[in-house]
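Here is how the chains run, residue by residue.
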Amino acid sequence: MWGSPAAPLPPALNGFAVASLPVGLLCLPPLGVVFAVVALVQIARRGDRGKALAVVGLVVSLVMSAALVYATGRYADPFFRRLGSAGGRPYVEGRLTDMNALRPGDCFNVPGGDLLGGRAVAYRTACTGVHHAEVTSSGPMADGAYPGAERLKEQATAACWKAQDEYAMDSWAVPGYAEMFYFAPSREAWGLGDRRLVCVMGTTTKEHRGSLRQDGASLRPDQVTFLRAMNAADQAVGREPEEDVDGAFAQYRTWAREVEAALGGEARMLGAVPSARPEAAAAAAARLREVEAARKEWRRAAAATTPDQFEEAWDRAAEVVTVESEKALRGAYGLSTEVPQWLRPGPGDKGGGPAKGPSAERV
């Protein structure tokens, strides 16, 4: 019997196209990409069905692969650091960052909270959370030959105190547990071209949250003028030579001239207060009388011919300038009036100036 010809069978559904979507979505995205590419090649060559399915599988697998790469970069480092913590190495919150890459305003942690470690490893973190330190400045030191450990220490200390006073200008508002640290190049690093000095405020002895920054951008212009003059005087007083007067008499006389000059700057600022801030005129006049009396004694110290004469003038200079006069003036300017620890002299001390904090050399 004659009959109609049989209808042709439809093309087969490509198996790789079927597998590409679930593999890319649920199992291993890179393998899903491979399956989708193989499916498209076979479909083009053999005429299989499933091209649309392979294209969807390819797109999904690519998206999931990108997400996998991001997640690996985002979470692998904390995971392995936590794993290292279980093996005896401390876990540190933050993203591992080269010390030279830190910039003013960055907050960071260090393993064990040890800012005095010979090799600093920084983990940058948000200032809103608990952190060990905050960068006040970061920049190159003067080029040239390595100055030597002692000279480098002097340069770094002076630069970092100045940077801190510009970064946190109201020094009375800085908590007592905040200390100045610096990271400077070692002799070996200097020889390799490293000149970067990183100055920080360390807060490792307490769980500190929030930024300590209080610079010219957050203060009134008159407050900035006042604080710069006061801080310059504090810095000068704080540069007292480390040896005693008998052993470094010439250095002490030079120091006395520097202090007198810095107090001269404070006196000029105080003389302009009545016209700039009439409500602070009385407090400024009282402080100015003390400063001028102190300048007179510092000039005598600079002209002293014996260590005994120097110490007598130094004692008188330290006695005439009082914390109370500065406190009253700060109150008139709307600044902190909480007397900091470094302005509370202990037995035998001869007056204020920032107490030098510890430091660390970066290797």
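Quick caveat: nothing in here was measured; it's all calculated off a predicted structure. (Residues numbered from 1 in each chain as written. Predicted model: local features only at pLDDT ≥ 70, side-chain atom pairs only at ≥ 80, totals over all residues. Heavy atoms only, no water.)

1. What to know about the overall build of the protein
Per the secondary structure count, the protein includes eleven helices and seven strands. When each of the 363 residues of the protein is scored for burial, the buried share is 41%. Taking the intrachain contacts of the protein between residues at least 6 apart in sequence as the baseline, contacts between residues at least 24 apart amount to 69%. A total accessible area of about 19,400 Å² is found for the protein, and carbon and sulfur atoms account for 58% of it. (Helix = DSSP H or I, 4+ residues; strand = E, 2+ residues; numbered from the N terminus. Buried < 20%, exposed > 50% of the residue type's maximum accessible area, 1.4 Å probe, protein only. Contact = heavy atoms within 4.5 Å. Areas by Shrake-Rupley, 256 points an atom, 1.4 Å probe, with all protein chains shown as cover.)

2. Notes on the confidence of the model for the protein
Residues shown with low pLDDT carry predicted positions that ought not to be read at fine detail. Mean pLDDT over the protein works out to 83, with 81% of the residues at or above the 70 mark. Residue range residues 1–6 is modelled with pLDDT below 50. Its contacts to residues more than four positions away, or to other chains, number zero contacts. Ignoring residues within four places in sequence, the model shows residues 82–88, a span with pLDDT below 50, making four contacts including any to other chains. (pLDDT = per-residue confidence, 0-100.)

3. Some points on the state of the cysteines
Under the criterion given, the structure shown has two disulfides. Paired by a disulfide, C107 and C127 hold their sulfur atoms 1.9 Å apart. Taking the torsion about the S-S bond as the criterion, the C107 to C127 disulfide, at about 100 degrees, is right-handed. Placement of the pair is C107 in strand β2 (residues 107–109) and C127 in the loop between β3 (122–125) and β4 (133–140), with a sequence separation of 20 residues. Among the residues examined, C107 registers a relative accessible area of 1% and is labelled buried. For C160, the disulfide goes to C199, at an S-S distance of 2.0 Å. One disulfide, between C160 and C199, carries an S-S torsion of -70 degrees and so falls in the left-handed class. (Disulfide = S-S within 2.5 Å.)

4. Details of helix α10 (residues 307–320)
With 14 residues, α10 extends 20 Å from end C-alpha to end C-alpha; this agrees with the ideal 20 Å at 1.5 Å per step. Among the residues making up α10, those that are buried are F310, A313, W314 and A317. Along the long axis of α10, the arc covered by the buried residues comes to 105 degrees, so they all point the same way. In α10, the exposed positions angled more than 90 degrees off the buried face are occupied by D308 and E319. Looking at the buried residues of α10, the elements they touch are α7 (249–271) and α9 (281–302). (Expected span 1.5 Å × (residues − 1). Arc of directions from axis to C-beta.)

5. Some points on the pattern of salt bridges
For the coordinates displayed, the defined rule picks out 18 salt bridges. The residue R195 makes a salt bridge to D143 at a minimum N-O spacing of 3.0 Å. Highlighted residues: R195 in the loop between α5 (187–191) and β6 (196–202) and D143 in the loop between β4 and α4 (149–167), separated in sequence by 52 residues. For D143, a relative accessible area of 66% translates into the label exposed. (Salt bridge = Lys/Arg side-chain N within 4 Å of Asp/Glu carboxyl O.)

6. Describing the nonpolar core
By size, the foremost hydrophobic cluster in this structure holds 38 residues, and its most contacted members are F226, W298, F310 and L329. Elements with a contribution of two residues or more to this core: α6 (221–238), α7, α9 and α10. The biggest single contributor to this core is α7, with ten residues. Every residue in contact with F310, bar those within four places of it in the chain, is listed here: V245, F249, Y252, R253, W255, A256, A301 and A304. (Core = buried A, V, L, I, M, F, W, Y, C linked by side-chain atoms within 4.5 Å.)

7. So, a negative patch on the surface
Together, E150, E242, E243, D244, D246, D308 and E312 make up a negatively charged patch on the protein surface. Following the sequence through the fold, E312 ends up in helix α10. E312 sits in the partly exposed class, given a relative accessible area of 46%. (Patch = residues over 30% accessible without salt bridge, like charges linked within 9 Å, V, L, I, M, F, W, Y side chains within 5 Å. Lys, Arg positive; Asp, Glu negative; His and termini not counted. Charge placed at Lys NZ, Arg CZ, Asp CG, Glu CD.)

8. A word on the packing of α4 against α6
Viewed as axis vectors pointing N to C, α4 and α6 meet at an angle of 155 degrees, and their least axial separation amounts to 11 Å. Comparing the axis directions of α4 and α6 gives the class roughly antiparallel. Remark: the crossing between α4 and α6 carries right-handed chirality. Of the residues in α6, those touching α4 at W161, K162, D165 and E166 are R228, N231 and Q235. Grouping the constituent residues of the contact of α4 with α6 by class yields one nonpolar, two polar and four charged. (Axes fitted to C-alpha atoms, helices over the stretch in contact; angles between N-to-C directions. Parallel < 35°, antiparallel > 145°, perpendicular 65-115°, else oblique. Left-handed = near helix turned anticlockwise from the far one by under 90°. Nonpolar A, V, L, I, M, F, W, Y, C, P; charged D, E, K, R; others polar.)

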